[in-house]
Amino acid sequence: MLNINDVIKVSKNIQNDIRAGHLGTVVHIFDQNPPVYLIEFVDDEGRTTEMASLKEEDMSLYWVASTETYVE
């Protein structure tokens, strides 16, 4: 399970602006089974470009916020 502020890498193309390989941050976890995560995507200036609700199969963990460590 992912946590708030973890960074994920999208594993498949979701929509035109969210493609495989994009990085995003978990900003909310919806209380569902299985969980759904609200992911924020930002540009190089730190401005939000997209928000998307994704399932775990749509992404992989890239950076763990609580330990400040990279997974890959």
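These numbers were taken from a predicted model, which means no experiment stands behind them.

### So, the overall build of the chain
Part 1 of the reasoning: A tally of regular secondary structure across the chain gives zero helices and six strands.
Part 2 of the reasoning: Along the chain, from the amino end to the carboxyl end, the secondary structure elements read β-β-β-β-β-β.
Part 3 of the reasoning: Taken over the C-alpha trace, the chain has a radius of gyration of 11 Å; the compact-globule value for 72 residues is 11 Å, and the two agree within 12%.
Part 4 of the reasoning: Taken over 72 residues, the chain has a buried fraction of 29%.
Part 5 of the reasoning: Within the chain, counting contacts between residues at least 6 apart in sequence, those at least 24 apart form 35% of the total.
Part 6 of the reasoning: Counting 5 positive and 13 negative side-chain charges, the chain places the centres of these two groups 8 Å from one another.

### Brief notes about the sheet that holds strand β3 (residues 36-42)
Part 1 of the reasoning: Strands sit in the order β4-β3-β2-β1-β5-β6 across an open sheet of six strands; the sheet is antiparallel. The strands lining the two open edges of the sheet, one partner per strand, are β4 (48-55) and β6 (69-70).
Part 2 of the reasoning: Pairing between strand β5 (residues 59-64) and β6: two bridges, direction antiparallel. In the sheet register, Val64 faces β6, and the bridge partner there is Thr69.

### Here we look at the pattern of salt bridges
Part 1 of the reasoning: With the rule as written, the count across this model stands at two salt bridges.
Part 2 of the reasoning: As a salt-bridge pair, Lys12 and Asp58 come within 3.2 Å of each other at their nearest N and O atoms. Of this pair, Lys12 sits in the loop between β1 (7-10) and β2 (23-30) while Asp58 is found in the loop between β4 and β5, placing the two residues 46 residues apart along the sequence.
Part 3 of the reasoning: Here Lys12 falls in the partly exposed class, since its relative accessible area comes to 41%.
Part 4 of the reasoning: Close ionic contact of Asp43 with Arg47 constitutes a salt bridge, the shortest N to O distance being 3.1 Å.
Part 5 of the reasoning: Classification of Asp43 by relative accessible area gives partly exposed; the value is 26%.

### As for the pairing of β1
Part 1 of the reasoning: Here β1 runs beside β2; their pairing, made up of three bridges, is antiparallel. Each bridged residue has a counterpart across the sheet, and for Val7 the counterpart in β2 is Thr25.
Part 2 of the reasoning: Taken together, the four bridges between β1 and β5 define a ladder with antiparallel strand orientation. Of the residues in β5, the one forming a bridge with Val10 is Met59.

What counts, and at which threshold
- Residues numbered from 1 in each chain as written.
- Predicted model: local features only at pLDDT ≥ 70, side-chain atom pairs only at ≥ 80, totals over all residues.
- Heavy atoms only, no water.
- Helix = DSSP H or I, 4+ residues; strand = E, 2+ residues; numbered from the N terminus.
- Rg over C-alpha atoms; globule rule 2.2 N^0.38 Å.
- Buried < 20%, exposed > 50% of the residue type's maximum accessible area, 1.4 Å probe, protein only.
- Contact = heavy atoms within 4.5 Å.
- Lys, Arg positive; Asp, Glu negative; His and termini not counted.
- Charge placed at Lys NZ, Arg CZ, Asp CG, Glu CD.
- Pairing = 2+ DSSP bridges.
- Salt bridge = Lys/Arg side-chain N within 4 Å of Asp/Glu carboxyl O.

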